[in-house]
Amino acid sequence: MAFFATGTYSYKGRYTVNGTIRYEGSNKLGKSRSSRWLPTWNVSGAWNVHEEAFFEDLRPTLSNLTLKASYSLTADRGPANVTNSRVVISSFNPWRPFTSVKESGLEIEDLENSELTYEKKHELNIGAEIGFLDNRINLAADWYKRDNYDLIGVINTMGIGGQVMKYANVASMKSHGIEFTLSTRNIVTKDFKWNTDFIFSQAKNEVTDLETNTRILDMVIGSGFTMKGYPVRSLFSIDFQGLNEEGLPTFINESGKRTVTDLNFQSRVKDYLVYEGPTDPTITGSFGNTFSYKGFKLNVFMTYSFGNVIRLDPVFKNWYSDLAAMSKEFKNRWTQSGDENTTNIPVIADRRLNQEYSHLSYAYNAYNRSTARVAKGDFIRMKEISLSYEFPKSWISAAK
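Residues numbered from 1 in each chain as written. Predicted model: local features only at pLDDT ≥ 70, side-chain atom pairs only at ≥ 80, totals over all residues. Heavy atoms only, no water.

Trainee: Just to check I follow, could you spell out the nonpolar core for this structure?
Mentor: Nonpolar side chains in soluble globular proteins generally cluster together in the buried interior. Core analysis: the largest hydrophobic core is formed by 29 residues, its most contacted members being L248, F251, L273, L360 and Y364. For this core, the elements supplying multiple residues, two or more each, are α2 (216-220), β12 (240-243) and α4 (360-368). The element contributing the most residues to this core is α4, with 5 residues. Ranked by size, the runner-up nonpolar core spans 6 residues in total, among them L151, I155, V170 and M173. (Core = buried A, V, L, I, M, F, W, Y, C linked by side-chain atoms within 4.5 Å. Buried < 20%, exposed > 50% of the residue type's maximum accessible area, 1.4 Å probe, protein only. Helix = DSSP H or I, 4+ residues; strand = E, 2+ residues; numbered from the N terminus.)

See below:
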């Protein structure tokens, strides 16, 4: 259930102020009033400078100028799979030694978290829209700052009640960024037109509070995880220390020692991991050009993305079958003593190595999630090239 009100005031088209308030309640959240019901609001304003009398002196260099700002508190009920604001009880059939003896039972599927509440966000936006030369050049720029808190995630408990992990409000995060859009009409004639659109966006975030402690395995997978003081989806790696004299990969473990297989992926000690960078790009945008000549239109559109890292495919194992497809990286693998000085690609382990090293699979799993298997995710991509033709309207008129 929700109630909301909104209001707008404008003076001579120059100054505009907007306000919105919303009061929402959800049975999905905790039963306490402070958790279940939440007021959110937004205040924004704009100044159309081009409506002022003094702006006439700036024409035709400037054709329009608008300054705007907003501040808000918004909220979200959280992921759809989070339902433990009240205890979740489901039915089941207990095991019995005979199929003829059956009875139904009840079991706790999720422990209650009566304080579970909305994910919240304070956001400040400041922006401007500027037009030059009779709007032949249009520029829009926005800067924002966000403070997210009460973010929902998994928290580790002491196991009281029979559940080690459950969902709760466990994190806070701050972020900021800029968005920039430039649109130009470069050439405008009777038969030929050339328009350009350029978009640039930069965003950075940092987790400022985190009340959960996850395993090493969750930190080093390709989707990324986080720790306090790092971006929300960060990629961490096991510290690869090169190959040994047998071609096997070596690493620094949680004790600070160089090892092949003495690794604990279930450990929650993460100080020895290497931070690689965010898995989400920090810079994104696009660049497009449209050329029109009479009925022809050519569209050339590119996108770009920078600032993120990716985990390479986990193709290395301690054993392979005849059905395994190997990448060209295996051409540069360790094959004989001394190759450890020239390559970082481990040996294809034979039966002797698998018998000599217990849990040799640990070494190859660690290699797949090590500093040796990370690459930059930067790219510039040609997204679309299209050519179209629009038939003259006179042809349609003649047909009628």
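Trainee: Would you mind going over the pattern of salt bridges with me for this structure?
Mentor: Two side chains that carry opposite charge are able to pair once their charged atoms sit near each other. A full pass over the atoms with the stated rule returns 16 salt bridges. A salt bridge links R14 to E52; its shortest N-O distance comes to 3.7 Å. One end of the pair, R14, is in the loop between β1 (2-11) and β2 (15-25); the other, E52, is in the loop between β3 (37-48) and β4 (62-76), and 38 residues separate them in sequence. Note on R14: relative accessible area 22%, which makes it partly exposed. The partner of R146 in a salt bridge is E123, and the shortest N-O contact between them spans 3.2 Å. Here R146 is found in strand β8 (residues 137-156), whereas its partner E123 is found in strand β7 (residues 119-132), with 23 residues between them in sequence. Owing to a relative accessible area of 25%, R146 belongs among the partly exposed residues under this scheme. By relative accessible area, E123 is classed as buried at 11%. Look at the salt bridges and you will find they share partners, linking R22, E24 and R77 into a network. (Salt bridge = Lys/Arg side-chain N within 4 Å of Asp/Glu carboxyl O.)

Trainee: How should I be thinking about a nonpolar patch on the surface in this particular structure?
Mentor: A contiguous nonpolar patch, built from Y293, F296, L298, M382, I385, L387, Y389, F391, W395 and I396 and spanning about 1100 Å² of accessible area, is present on the exposed surface. Along the polypeptide, I396 turns up in helix α5 (residues 393-399). (Patch = residues over 30% accessible without salt bridge, like charges linked within 9 Å, V, L, I, M, F, W, Y side chains within 5 Å. Areas by Shrake-Rupley, 256 points an atom, 1.4 Å probe, with all protein chains shown as cover.)

Trainee: Can you walk me through α4 in this structure?
Mentor: Counting along an α-helix, one turn takes 3.6 residues, and residues three or four places apart therefore face a common direction. Residues L360, A363, Y364, A366, Y367 and N368 constitute the buried set of α4. Those residues of α4 hidden inside the fold are in contact with β12, β13 (249-252), β18 (309-311) and α3 (351-356). (Contact = heavy atoms within 4.5 Å.)

Trainee: Explain the side chain of S70 here, please?
Mentor: Along the chain, the position of S70 falls in strand β4. If we skip the residues at most four places from it in the chain, S70 touches N42, V43, S44, E123, L124 and N125.

Trainee: Explain the confidence of the model for the protein chain here, please?
Mentor: When pLDDT drops low, the exact placement of atoms in the prediction is not to be read closely. Averaged over every residue, the pLDDT of the protein chain is 90; residues scoring 70 or more account for 99%. Across the protein chain, the secondary-structure element scoring lowest on mean pLDDT is α5, at 70, and the one scoring highest is strand β17 (residues 296-306), at 96. (pLDDT = per-residue confidence, 0-100.)

Trainee: Looking at this structure, I do not really get the side chain of T343. What am I missing?
Mentor: Residue placement: T343 occurs in the loop between β18 and α3. T343 gets classed as buried once you look at its relative accessible area, which sits at 11%. Of note is the side chain of T343, whose polar atom sits 2.6 Å from the backbone oxygen of N332. The contacts of T343, once residues within four sequence positions are left out, are L243, N332, R333 and W334. (Polar contact = N/O pair within 3.5 Å; in protein donor to acceptor, adjacent residues only side chain to side chain.)

Trainee: So what exactly am I meant to see when it comes to the packing of aromatic side chains here?
Mentor: For any pair of aromatic rings, the description consists of the separation of the ring centres together with the inter-plane angle of the planes. Counting across every chain of the model gives 20 aromatic pairs. Summarising the aromatic geometry, the rings of F236 and Y275 are spaced 5.5 Å apart at their centres and angled 55° between planes, so their arrangement reads as tilted. One end of the pair, F236, is in strand β11 (residues 234-237); the other, Y275, is in strand β15 (residues 274-278), with 39 residues separating them in the sequence. For F236, a relative accessible area of 1% gives the class buried. Judged by its relative accessible area of 32%, Y275 is partly exposed. Arranged with centres 5.7 Å apart and planes meeting at 85°, the rings of Y320 and F330 form a pair that is edge-to-face. (Phe/Tyr/Trp six-rings, centres within 6.5 Å; stacked < 30°, edge-to-face > 60°.)

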